[in-house]
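Architecture and fold: a report
Listed below are the residues making up each chain.
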Amino acid sequence: MSWSRVYRHGLAVGAADFRDFWSLKSWLFGWMLRILTNAFAWVLLGRVLGSHDRQSFLLVGNAVAVGATSALWASNACTWARYDGTHPLLVIAPSGLAAATLGRTSIWPVNGIATSIATFLVLTLAFGYRLTVHAALAAFPLVVLVCASTFGFALFMGAVVGRWTRLRNLALDVSGTLLMAFCGVAVPSSFWPAPMNAAVQFLPLTHGLLAIRGVLNDAGVGVVLRQASLEAVVGASWLVLALALMQRMAERGRADGSIELVV
Amino acid sequence: MAGSAVLVRVGRWLRVLRGAARAQYQLTLGNIEDLRPIIGMPLGALISVGVLVHSGRSDLASYGLVAATLMTIGQMGLFVASEIVFQERNGQTLELLVASPTDLGLVLGGRVTVLTALGLAGMVESWLLVRLVFGLSLAIYHPWLLLLTLSATSLAAAGTAMLTAALFSFGRQVRTLQNAVNGPFYLLGGVLVPTVFLPSWLQTLSPAVYFYWSANLLRAAFRPEAPSTPVYGLFMIALLAVLAAAIGALVLRRMIHHLRREGTLGLS
Amino acid sequence: MLAIETKGLSRSYASGNEGKSLLALDDVSLQVEQGEVRGLLGPNGAGKTTLVKILSTVLLPSGGRASILGEDVVQNTRAVRSKIGIVFGGDRGLYNNLTARQNLEYWAALYDVPAKETKLRIDRLLARVGLTERASQRVSGYSRGMKQRLHLARGLVAGARVLFLDEPTMGMDPMAARDFRQIVHDLRGEGCTVLLTTHDMREAEALCDKVALIDRGKLLAVEKPAELARYVAKYERIDVEGASETLLATLRTHGGVATVNRAPQGDGHRIELADGAAHRSILALLVETGVTSITTSRPSLEEVYVHLIGDRGLEV
């Protein structure tokens, strides 16, 4: 069984899902318009506070966070097989759930990367944020890393809400807001009480955002690499947990009869 | 004679409104999807108030509260209420509604009003969240202004939802339109950041958005000094509500006629 | 006054990118008396649902006229809507997150059923369709048969004088379908006019005073079910057992015989007549040649349908 072949076919399904949501026109004038106007509002809050530093902090945080929150859509996409009626077919297929689900949901971190880059570009132009080519090139792979690690977390969430699919959208909303609140997007994570700050060290975005801020503020390579490595470990850990949970949920579904043949 | 005929008709309208509102309330309570904005949007206060408190500007914490409240009402209107007609088409109940002798505009009006009114819970939740997380008890200096503004805003959101529900009934464009309108609406309305911080050419558009008047009045309700021209602000919210509802009812009528002509009232 | 009347009714749709139009209804003229149960039979895509949609004011016609109890469906839409009820088949058309009672209360409000009467009327309807025990349960938990009965109750909540049933027993199990038909039978006794679209021949035969056959947008025939069978009297058949090969060969060349084939069941043969008048002479021939096991029958409505519309199978 070729894992990569199954993944590729899953990716094709995911691309079709994406086209069902967005055309280029609707992505630009619907999705990006919403993202940008929200991001503008947050950055303007820095202007209300009369602080250029606050404004820059909010700009970078929001430009990266929109990528992460877009990647979170993968959690929702995990549940769509139940609505298609393909979930039981994937469970019993020799290749199992994992490769096909990974493939199908991979389009969303890609959307996250595109969203984040576009937001960065527009915001830096609109607010006159100074971004060197060197910094931009160094930040790009870190943006990819943040979206990838959030993808792992999203898959874990998707596996959890797979049993309670009615909660999928709510879970997406709440997790997105909480990531933005606590993971250093609008305020440093150290602003929050110590237990909360400790907890978010195990969430995606926290370390990746610090790495990106480090690159943009000329922090040392060591600092950047450390944070980037932590982000990679966090993301990979969530991915492993997600795959294990997916399998476990499938087995439990077989045992308790929650896998529906007729949608 | 004419007077009693009017009374009978008004009585009929009220019965339809009540029946529609009650059904929507029952539908919403049983559907967590409809309750998403009420649960999720107030959490946004954590972010906005967090920024303000972190910057030593707790005095501006009401900005975050007002933003979370208005976005909750706004999302109930733009995302939940605006999908009613589309959902009815999808569920093949739109044909049944059209085939009934009642006015579809009335039915829609009753249903969207309930949804935007439920959005008012956003104020309570946000206030409690700010109290719990930041220890800030935001004093309401002008409670009547707050109540009237919230009520008017809820009605304005309902009126706007009449229009957006009609426009969104085609389905394919729903998501694009919702997203295209959503962000600009809040930005132009100064929901989080007062419009004085927007470029001047954008500021000229703001008064056409009911959020502009609502946000200013609600922020004023949390300031000790007497608000300036509250009556005018409330009047503008009400005017925008009525205008949106009237245009919405007209668009809905045209839309239904179009769908009847094309044979696509149902989606199957 | 006729309950339903159409004159030259037509409806076309634009079809695809080629600029052609699809004629879903073509010059349909129909008359249904008050208190009648009229069946509308036809294959998928014949135009049955299009006709129902126009009559129930959900769709505008392209040409011709239609009226319900004297009210034009285009000019006097509101008056028509206050007199009719529609019942679909299938899972849609109900609010799944509401209970049966809540669904009916909603529609009662929309049809301006006086508040004082609403509860009593709903109780009676629920009892009539056998849903009293489950009235407070959400519709999402109902079986197909229960949903269909609720559909019917919804269609009756305003005391409709003309009821449109569009494939109402689609997907129902035989027992549920039988119960449903009994309710419709009772409605006829109350003077309600019913226009019923169906694929189910037994249902049409059991329920309908008259049946209209429709195909490719055209009305082919309108008759009582028994009369319709006489249309194709030439397809009368005689089933025999013990006929010799010689006799069978003779019959195949007989002018009044259409076909001679193996009987669908048993060891005998089925002789299909090409001419009803040949019935007597063929029977005489059979008796003369010593055949004693002889059964004659008329075609069922299903066989009429297949012969008139053609054995199109899955083809639309």
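Cut-offs applied
- Residues numbered from 1 in each chain as written.
- Chains lettered and ligands numbered in written order.
- Predicted model: local features only at pLDDT ≥ 70, side-chain atom pairs only at ≥ 80, totals over all residues.
- Heavy atoms only, no water.
- Helix = DSSP H or I, 4+ residues; strand = E, 2+ residues; numbered from the N terminus.
- Rg over C-alpha atoms; globule rule 2.2 N^0.38 Å.
- Buried < 20%, exposed > 50% of the residue type's maximum accessible area, 1.4 Å probe, protein only.
- Contact = heavy atoms within 4.5 Å.
- Buried area = accessible area lost by both parts, 1.4 Å probe.
- Salt bridge = Lys/Arg side-chain N within 4 Å of Asp/Glu carboxyl O.
- Polar contact = N/O pair within 3.5 Å; in protein donor to acceptor, adjacent residues only side chain to side chain.
- Nonpolar A, V, L, I, M, F, W, Y, C, P; charged D, E, K, R; others polar.
- pLDDT = per-residue confidence, 0-100.
- Pairing = 2+ DSSP bridges.
- Axes fitted to C-alpha atoms, helices over the stretch in contact; angles between N-to-C directions.
- Patch = residues over 30% accessible without salt bridge, like charges linked within 9 Å, V, L, I, M, F, W, Y side chains within 5 Å.
- Areas by Shrake-Rupley, 256 points an atom, 1.4 Å probe, with all protein chains shown as cover.
- Phe/Tyr/Trp six-rings, centres within 6.5 Å; stacked < 30°, edge-to-face > 60°.
- Lys NZ or Arg CZ within 6 Å of the ring centre and 35° of its normal.
- Expected span 1.5 Å × (residues − 1).
- Core = buried A, V, L, I, M, F, W, Y, C linked by side-chain atoms within 4.5 Å.

**Here's the deal with the overall build of chain A**
From N to C terminus, chain A includes 13 helices and zero strands. Relative to the globule expectation of 18 Å for 263 residues, the C-alpha radius of gyration of chain A, 19 Å, shows essentially globular dimensions. In terms of its C-alpha atoms, chain A occupies a principal-axis envelope of roughly 60 × 40 × 30 Å. Here chain A holds 263 residues, and 55% of them are scored as buried. Put simply, of all contacts in chain A between residues at least 6 apart along the chain, 80% involve residues at least 24 apart.

**Comments concerning the interface of chain B and chain C**
Interface size is commonly expressed as the accessible area that is lost once the parts come together. Counting from both sides, the interface comprises 34 residues of chain B and, opposite them, 32 residues of chain C. Three residues, Leu96, Pro101 and Arg260 of chain B, lead the burial of chain B against chain C; their summed loss comes to 23% of the area buried on that side. On the surface where chain B and chain C come into contact, there are three salt bridges. In this structure, Asp112 of chain C engages Arg12 of chain B in a salt bridge whose closest nitrogen and oxygen atoms are separated by 3.1 Å. Our count for the chain B to chain C interface comes out at 11 residue pairs in polar contact (both at pLDDT 80 or more). Secondary structure elements with two or more residues in the side of chain B that touches chain C: α1 (2-29), α5 (84-90), α6 (94-98), α7 (104-118) and α13 (230-262) of chain B. Looking at which element gives the most residues to the side of chain B that touches chain C, the answer is α1 of chain B, with nine residues. Tallied by class, the residues present in the side of chain B that touches chain C amount to 11 nonpolar, 13 polar and 10 charged.

**Remarks on the confidence of the model for chain B**
All names here are of chain B. Mean pLDDT over chain B stands at 92; residues scoring 70 or higher make up 97%. Of all secondary-structure elements in chain B, the lowest mean pLDDT belongs to helix α10 (residues 174-188), at 83, while helix α12 (residues 210-221) reaches the highest, 97. Confidence estimates for the predicted assembly give a pTM of 0.82 and an ipTM of 0.91.

**Observations concerning the interface of chain B and chain A**
At the interface, 39 residues of chain B touch 38 residues of chain A. Across the chain B to chain A interface the summed buried area is about 3300 Å²; carbon plus sulfur atoms make up 73%. The partner of Arg36 of chain B in a salt bridge is Asp173 of chain A, and the shortest N-O contact between them spans 2.7 Å. Inspection of the chain B/chain A interface yields four residue pairs in polar contact (both at pLDDT 80 or more). Listed by contribution, the elements that provide at least two residues to the side of chain B that touches chain A are α2 (32-40), α3 (44-54), α4 (61-80), α8 (121-134) and α10 of chain B. A per-class count over the side of chain B that touches chain A returns 21 nonpolar, 13 polar and five charged.

**Some thoughts on the sheet that holds strand β11 (residues 237-241) of chain C**
Residues and elements named next belong to chain C. Taken together, four strands build an open sheet; the order of strands is β12-β13-β11-β14 and the sheet is antiparallel. Because the sheet does not close on itself, it has two edges, and the strands there are β12 (257-262) and β14 (293-297). The average angle at which neighbouring strand axes cross in this sheet is 20 degrees, direction not considered. Here helix α9 (residues 245-253) sits on the sheet and contacts β12 and β13 (269-273); the angle it forms with β12, its principal contact strand, is near 150 degrees.

**Side note on a nonpolar patch on the surface**
A surface patch of nonpolar side chains, amounting to about 480 Å² of accessible area, comprises Tyr232, Phe235, Leu239, Leu243 and Ile247 of chain B. Using a relative accessible area of 34% as the deciding quantity, one classes Leu239 of chain B as partly exposed.

**Structural notes on the packing of aromatic side chains**
As enumerated under the stated definition, the model contains 23 aromatic pairs over all chains in all. Centre to centre, the rings of Phe185 of chain B and Phe211 of chain B are 5.5 Å apart; their planes meet at 80 degrees, and the pair counts as edge-to-face. A residue pair is termed long-range when its members are at least 10 positions apart, and Phe185 of chain B in helix α10 and Phe211 of chain B in helix α12 qualify at 26 residues. Ring pairing ties together the aromatic residues Phe18, Phe21, Trp22, Trp31, Trp73, Trp80 and Trp108 of chain A, which thus form one cluster. Stacked on the ring of Phe57 of chain A, the Lys or Arg Arg213 of chain A has its end atom at 3.5 Å from the ring centre. Here the basic side chain of Arg219 of chain B rests over the ring of Tyr63 of chain B, its NZ or CZ set 5.1 Å away from the ring centre.

**Structural notes on helix α2 (residues 24-48) of chain A**
For α2 of chain A, which comprises 25 residues, the first-to-last C-alpha distance of 34 Å matches the rise-based estimate of 36 Å (1.5 Å per residue) to within 8%. Looking at the residues trailing α2 of chain A, positive phi occurs at Gly50 of chain A, about 70 degrees.

**Section: the sheet that holds strand β8 (residues 193-198) of chain C**
Residue and element names in this part refer to chain C. The six strands are arranged β6-β7-β8-β3-β9-β10 in an open sheet whose pairing can be described as mixed. Two strands bound the open sheet, and with one partner strand each, they are β6 (84-88) and β10 (218-223). The mean inter-strand angle of the sheet, taken between neighbouring strand axes irrespective of direction, is 15 degrees. Bridge count for β6 against strand β7 (residues 162-166) is five bridges, and the pairing is parallel. By the bridge assignment for β7, Phe88 is matched with Asp166.

**Focus: the environment of Asn111 of chain A**
Residue and element names in this part refer to chain A. By the secondary structure assignment, Asn111 is in helix α8 (residues 107-127). The buried category is assigned to Asn111, whose relative accessible area is 4%. In this structure the C-alpha to C-alpha distance between Asn111 and Leu172, which are 61 residues apart in sequence, comes to 16 Å. If we ignore the near neighbours within four places in the chain, the residues touching Asn111 are Phe18, Trp27, Trp31 and Ser70.

**Focus on the side chain of Arg38 of chain C**
Residues and elements named next belong to chain C. Looking at where Arg38 falls in the secondary structure, it is placed in strand β3 (residues 37-41). Of note is the side chain of Arg38, whose polar atom sits 2.7 Å from the backbone oxygen of Gln31. Once residues lying within four places of it in the same chain are set aside, the contact partners of Arg38 are Leu30, Gln31, Val32, Val194, Leu195, Leu196, Cys208, Lys210, Val211, Ala212 and Val222.

**Concerning the pattern of salt bridges**
All told, the structure shown has 24 salt bridges over all chains when counted by the stated rule. Between Glu88 of chain B and Arg111 of chain B there is a salt bridge whose closest N-O contact spans 2.8 Å. Here Arg111 of chain B lies in helix α7 and Glu88 of chain B lies in helix α5, a separation of 23 residues in the sequence. Arg111 of chain B matches Glu88 of chain B in its accessibility class, with the two residues each being buried. Where Arg101 of chain C meets Asp123 of chain C, a salt bridge forms, and the shortest distance between an N and an O atom there is 2.8 Å. In this pair, Arg101 of chain C sits in helix α3 (residues 100-110) while Asp123 of chain C sits in helix α4 (residues 115-128), placing the two residues 22 residues apart along the sequence. The class of Asp123 of chain C is partly exposed, set by a relative accessible area of 26%.

**As for the nonpolar core**
Among the nonpolar cores identified, the biggest contains 127 residues, and Trp22, Leu45, Val60, Val64, Trp108, Leu205 and Ile212 of chain A are the most heavily contacted of them. Ignoring anything within four residues of it in the chain, the contact list for Val64 of chain A reads Ser116, Phe120, Val146, Leu205, Leu209 and Ile212 of chain A.

**Topic: the pairing of strand β9 (residues 210-215) of chain C**
Residue and element names in this part refer to chain C. Of all six residues in β9, five are buried; the element is thus mostly enclosed. With four bridges joining them, β3 and β9 adopt parallel strand pairing. Bridged to Leu40 within β9 is Ala212. Sheet analysis places β9 next to β10, joined by five bridges and oriented antiparallel. Counterpart to Ala212 in the pairing with β10 is Val222. Where β9 folds back on β10, the antiparallel hairpin that results is connected by two residues, among which Arg216 adopts a positive phi of roughly 50 degrees.

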